[in-house]
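Summary of structural features
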Amino acid sequence: MPTPPAPTDGPRTASSLTLHLTHLGVAPGDTLLVHTSLRSLGWVCGGDQTVVRALLDAIGPAGNLVVPTQTMDNTDPSGWENPPVPQAWWETIRAESPPFDPALTPSAYMGRVPERVRTWPGAVRSPHPQTSFAALGPRAAHLMHPHPLESALGEASPLARLEQADARVLLLGTGYDSCTAFHLAEYRVPRPTTATSSCAIRTPDGDRRWTTYTGVALDESDFPALGADFEATGAVTVGRVGSATARLFPLPQAVAFATGWLVDHRQASELRPNPHRAAGGDELPAT
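Residues numbered from 1 in each chain as written. Predicted model: local features only at pLDDT ≥ 70, side-chain atom pairs only at ≥ 80, totals over all residues. Heavy atoms only, no water.

Judged by pairing direction, the sheet is mixed, and its seven strands sit side by side in the order β3-β4-β2-β1-β5-β9-β8 without closing on themselves. A strand with exactly one partner marks an edge of an open sheet, and here the two such strands are β3 (124-125) and β8 (237-241). In the sheet, strand β1 (residues 31-36) pairs with strand β5 (residues 168-172) via five bridges, with the strands oriented parallel. Across the sheet, the residue bridging to L33 is V169, located in β5. Packing against the sheet, helix α2 (residues 47-59) makes contact with β1, β2 (64-68), β4 (133-136) and β5, and its axis sits at approximately 140 degrees to β2. (Pairing = 2+ DSSP bridges. Helix = DSSP H or I, 4+ residues; strand = E, 2+ residues; numbered from the N terminus. Contact = heavy atoms within 4.5 Å. Axes fitted to C-alpha atoms, helices over the stretch in contact; angles between N-to-C directions.)

This is how it looks when you write it as structure tokens:
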């Protein structure tokens, strides 16, 4: 196998990125949950389209590419902080926000690569109005459905099916605070803290409705420490893809480690839910 070019050798191309991914350990037939920072790769000839092409080339036609396509701006405006909106607007926003539509609603704050995957020919998107994923590959439909409202990142979500599929996680220039898979562990700690969330949905008969549901409170504030401890076990392959530091590891092993870690390091009363932080992309919701 050729030696991949050094991170400073010219522009990134589909072929050079594919070579880097292969040297990292990405293999044909892999099911990958990928979190990306496009800017971390350096200058990419073709931008996000090239990155998606390189990922698909690395996993081949039998592989499955999955990305988070969350829409965390579809939340109650009373909790918006970045920036806040006037309280006088809240009821109008609740009444007029477009309902989530898997085919139309953009994942505008997750970065360019997830949005490119979402709109790629043949992509399948899960139906959750706040924590959806999009997938390409022969198992895309199975991995994405169902995704019920109350299981945002839990046992009935795509994350659990990715675990069953022995998927791997690829952090491509992102940190462990972007590791969505760790959230599945939050559902598995004893007596997880719950929180309510609100969003605009489309009902089965085609109407729009503002709805509130209860789910597990999600908090990634300690994921960098969790990730560092997981990496110290030797389960993570670290290397370069373009100019980015990349990390590749088994999703089931990461979730199992995270479950034990959270039990040991968190008390339920210390959870600090942050429902407006996107878990997995370059940009955060400007809500």
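Looking now at the confidence of the model for the protein chain. Here the protein chain shows a mean pLDDT of 92. Residues at 70 or above account for 90%. Under a pLDDT of 50 for its full length, residues 271-287 has, in the predicted model, 64 contacts with residues more than four places off or in other chains. (pLDDT = per-residue confidence, 0-100.)

A few words now on the nonpolar core. Counting 37 residues, the largest nonpolar core has V66, L162, F182, F249 and L251 as its most contacted members. For this core, the secondary-structure elements that each account for two or more residues are β4, α5 (140-144), α6 (158-164), β5, α7 (181-186), α8 (223-231) and α9 (251-265). Residues within four places of V66 in sequence aside, it is in contact with L32, L33, V34, F133, A134, A135, L143, M144 and L162. V26, V34, V44 and A244 belong to the second-largest nonpolar core, a separate cluster that totals 29 residues. (Core = buried A, V, L, I, M, F, W, Y, C linked by side-chain atoms within 4.5 Å. Buried < 20%, exposed > 50% of the residue type's maximum accessible area, 1.4 Å probe, protein only.)

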